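Here's the letter readout for the chains.
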Amino acid sequence: MLALSVTMFAELANGQVRYWNSSRGKQMPEAEVRFSHGLLPLTYDFELLEWNWDFQPASVTDQYYNLQTYRGNLYSTGALSMGHSIKVAKWLEMGATLSYAGSFRNIYSSSTNKVIDRETSRSFFFTPTMRFAWFNREWVRMYSSIGLGVGMMISHPYDRVRGEAAEPYIEWGPSVQLTGFGISVGKRFFWFSEVQTIGTLGLFTMGFGFRVVPDKRRWQR
Amino acid sequence: MMLFTITLSSCILEEGDNVPKKTEAGQLIWELTSREISNNLYATDLALKLDLWLTAPEAEKNQWEDRFFPDSKLRYSTGAWNLTGMPVYIYPDGKSIHTPGARWKVIFTEPVFMQSNTEFEMDVECTDNLKWNISNNNFSLNIEGKRVDSPATAAGYIYTTSGDGNFIPGYYDRPDERLTAAYAITQSMTFHPETFGLVSSRYMFRPYSGKCSISVSDTRNSAVNDKILVEILSGSPTRIVYKITYNGITETWD
């Protein structure tokens, strides 16, 4: 899937260049594709959303059934993202990012300590993004960005009281990403990292990208 | 680079649960079962102590009252004795409950401690010297009493019990419970009083020996029929060691 995505986004960028050249007879603006991995993305199973405001202790029935299983660690893949953007001004890039974030945990039987089921959730986000480059050099760029889009989470929970997999459900919601500080280093092939971020792409993001720079003078306008 | 960052930052979002003991669900039900029996014995003990006070010589009444009911006063009204500050009403039948054939009734209008019944009623019938049968619609226990010598507790007796019963394990403020526990004392269990908190008048009964079997069912799931066997290996005020066999798996608890 990663290889397919890389090919797709690279072809998209090249296609834009060819189309721009052929149809308008002039250079297209700079475009880039990015592939990244973000740590701790916000998804719709974020703990705060599930907080139980009912402070009553669990019923004995629930306690009894809950003791028959226990949950393993909750693992996350982080946010795996790929994005495409076009430089519309020296200081402004516009584009969109597709992201995937998965999490899973095993459910164990208390009596045998064997895995009896697995809870999973898979989140997909489409996030149109504006990137503001406030430090712009040929090799190094620093920027901030904001993104707003939509997302969905497919969840397969386990009902410990009933002792069986619960009905899977899909949740839709907004996808928001705010980046305080981002830095990219490189020219055509570059590395980048973003910190001071919060949102569906993760709290800390790192990745690489390819930049198509057809006309250096245009890039410097 | 990508693989490196994935490896580095793919992470544990939340630690898993502590691994419970294999018989912990059974232990939960046993704790509630022993508390249920303890509550029945506590209600019985109040009636027996009242009778000891009623039948005591006039000169000793104050002494017994201080020992057995240090935080309450005894009040009689319309055929029932009430301990002030407690929602309990004891109905004598005109005979000492230490006399074979006597039958008293004990009613709690509120839960004794934390139990499933919001109102609780039981009969106490003397069957022999220091032997009683206590019962209501949900249980029938034969008990034998041995006087408590220590003035450190306000309890009247140590009880050896046999019999069976059933109850809904739960807390009185949770009406949504749906488990039913049916218990049978398969080897006489001895319950000793233990004070809790800083006040000697507050006590409960805890099992120091005996065996009990419990069946757990679910009113909404007929497939649930869990078996619990409990054997008390040793008991003392500081430590009770017991063995629980839950659905065929045995573990020791203390």
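Treat the numbers as computed from the prediction; the structure is a model and nothing was measured. (Residues numbered from 1 in each chain as written. Chains lettered and ligands numbered in written order. Predicted model: local features only at pLDDT ≥ 70, side-chain atom pairs only at ≥ 80, totals over all residues.)

Asker: What is the right way to read the overall build of chain B from this model?
Answerer: Looking only at helices and strands, one finds 3 helices and 14 strands in chain B. By residue count, 34% of the 254 residues in chain B fall in the buried class. In chain B, the proportion of contacts linking residues at least 24 apart, taken out of those at least 6 apart, comes to 48%. (Helix = DSSP H or I, 4+ residues; strand = E, 2+ residues; numbered from the N terminus. Buried ≥ 20, exposed ≤ 12 C-beta atoms within 10 Å, placed from the backbone. Contact = placed C-beta atoms within 7 Å.)

Asker: Explanation requested: the environment of Gln187 of chain B in the structure shown.
Answerer: Residue and element names in this part refer to chain B. With respect to the helices and strands, Gln187 occurs in strand S10 (residues 179-195). What makes Gln187 exposed here is the crowd of 12 C-beta atoms within 10 Å. Distance in space between the C-alpha atoms of Gln187 and Arg67 is 32 Å, their sequence separation being 120 residues. Apart from residues no more than four positions distant in its own chain, Gln187 is found in contact with Gly210 and Lys211.

Asker: It is not clear to me how unusual backbone geometry should be interpreted in this structure. Could you clarify?
Answerer: Peptide bonds are trans in most cases, and residues, glycine excluded, mostly fall at negative phi. Even without glycine at this site, Asn113 of chain A takes up a positive phi of about 60°. As for its position among the elements, Asn113 of chain A is in the loop between strand S4 (92-109) and strand S5 (115-136). Here Asn247 of chain B, not a glycine, exhibits a phi torsion of approximately 50°, which is positive. Structurally, the position occupied by Asn247 of chain B is in the loop between strand S13 (240-246) and strand S14 (249-253).

Asker: I keep staring at the pairing of strand S9 (residues 157-167) of chain B and nothing clicks. Help me out?
Answerer: Successive side chains on a regular strand alternate, one facing one side of the sheet and the next facing the other. Residues and elements named next belong to chain B. Alignment of strand S8 (residues 139-147) against S9, held across 9 bridges, turns out to be antiparallel. Across the sheet, the residue bridging to Glu144 is Thr160, located in S9. Sheet topology places S9 next to S10; 8 bridges connect them, and they run antiparallel. Bridge pairing in S10 places Tyr159 opposite Phe191. (Pairing = 2+ DSSP bridges.)

Asker: Sorry if this is basic, but what is going on with the packing of helix H2 (residues 24-54) of chain B against helix H3 (residues 61-68) of chain B here?
Answerer: When two helices pack together, their arrangement is captured by the angle between the axes and the distance separating the axes. Residue and element names in this part refer to chain B. One can describe the packing of H2 onto H3 by two numbers: an axis separation of 9 Å at closest approach and a directional angle of 165°. In terms of orientation, H2 lies roughly antiparallel with respect to H3. When the axes of H2 and H3 are compared, the crossing they make is right-handed. Residues Lys49, Leu52 and Trp53 of H2 form the contact with H3, whose participating residues are Lys61, Trp64, Glu65 and Phe68. (Axes fitted to C-alpha atoms, helices over the stretch in contact; angles between N-to-C directions. Parallel < 35°, antiparallel > 145°, perpendicular 65-115°, else oblique. Left-handed = near helix turned anticlockwise from the far one by under 90°.)

Asker: Help me understand the interface of chain A and chain B, please; the structure alone is not making it clear to me.
Answerer: A common measure of how large an interface is: the accessible area buried when the components associate. With 26 residues of chain A in contact, the opposing surface of chain B contributes 30 residues. By residue number, the principal contributor to the side of chain A that touches chain B is strand S3 (residues 74-89) of chain A, which donates 5 residues. Considering only residue class, the side of chain A that touches chain B consists of 10 nonpolar, 14 polar and 2 charged. (Nonpolar A, V, L, I, M, F, W, Y, C, P; charged D, E, K, R; others polar.)

Asker: Is there a simple way to think about the nonpolar core in this case?
Answerer: It is characteristic of soluble globular proteins that their nonpolar side chains tend to be buried jointly. Among the nonpolar cores identified, the biggest contains 58 residues, and Ile29, Ala47 and Val106 of chain B are the most heavily contacted of them. Filtering out sequence-adjacent residues up to four positions away, Val106 of chain B remains in contact with Ala43, Leu46, Ala47, Val88, Ile90, Met122 and Val124 of chain B. (Core = buried A, V, L, I, M, F, W, Y, C linked by C-beta atoms within 7 Å.)

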